[in-house]
Amino acid sequence: MRNYIKLGGISLFSERYAFVDTAEKLYLRVMMKNGIKIKRSSSFVKPGTEIRLIICRVRKKDSTKFESAIGKVRDMALLLGYKEYDAMCKQLIEIGGE
């Protein structure tokens with residue numbers, strides 16, 4: 001299951017994404033390990049859970065690397081016991097219309 005959607009935008013140099021993460025900010029570890037620089041991010045927390053929605057910008061040249069690396073966040077979250085993670089991913093995909 002995918003844990004991200006690509007957001008629209010008209011930037012020449014970056015792509016915008018929204019993805020599901022945890023309170024532990026697992027995405028930071030994954031991005032650093034894969035050499036992907038996140039330009040700017042915003043975090044939104046669903047009350048009553050430790051799941052977050054992250055909206056960020058990634059350089060266009062790194063977008064393919066980002067899309068393959070972000071799936072590792074899901075794997076780590078499930079290993080750490082975030083049972084509601086897949087449900088949140090499903091909601092994100094439904095909202096994104098993909």
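Above this note sits the structure.
Residues numbered from 1 in each chain as written. Predicted model: local features only at pLDDT ≥ 70, side-chain atom pairs only at ≥ 80, totals over all residues. Heavy atoms only, no water.

Colleague: What's the story with the side chain of D62 in this structure? I'm lost.
Modeller: Among the structural elements, D62 can be located in the loop between β4 (51-59) and α2 (63-69). Residue classification places D62 among the buried residues on the basis of a relative accessible area of 5%. Of the polar contacts made by the side chain of D62, one reaches the side chain of R59; its length is 2.8 Å. Not counting residues up to four positions away in its chain, the partners in contact with D62 are I36 and K37. (Helix = DSSP H or I, 4+ residues; strand = E, 2+ residues; numbered from the N terminus. Buried < 20%, exposed > 50% of the residue type's maximum accessible area, 1.4 Å probe, protein only. Polar contact = N/O pair within 3.5 Å; in protein donor to acceptor, adjacent residues only side chain to side chain. Contact = heavy atoms within 4.5 Å.)

Colleague: Can you walk me through the nonpolar core in this structure?
Modeller: What tends to happen in soluble globular proteins is that the nonpolar side chains get buried as a cluster. Grouped together as the largest cluster of nonpolar side chains are 26 residues, with contacts concentrated most on F19, M31, F66, I70 and Y85. Elements represented by at least two residues in this core include exactly β1 (4-7), β2 (14-22), α1 (26-33), β4, α2, α3 (71-79) and α4 (85-96). Each residue touching F19, except ones within four places of it in the same chain, is listed here: N3, Y4, Y27, R52, L53, I54, C56, F66, I70 and L92. (Core = buried A, V, L, I, M, F, W, Y, C linked by side-chain atoms within 4.5 Å.)

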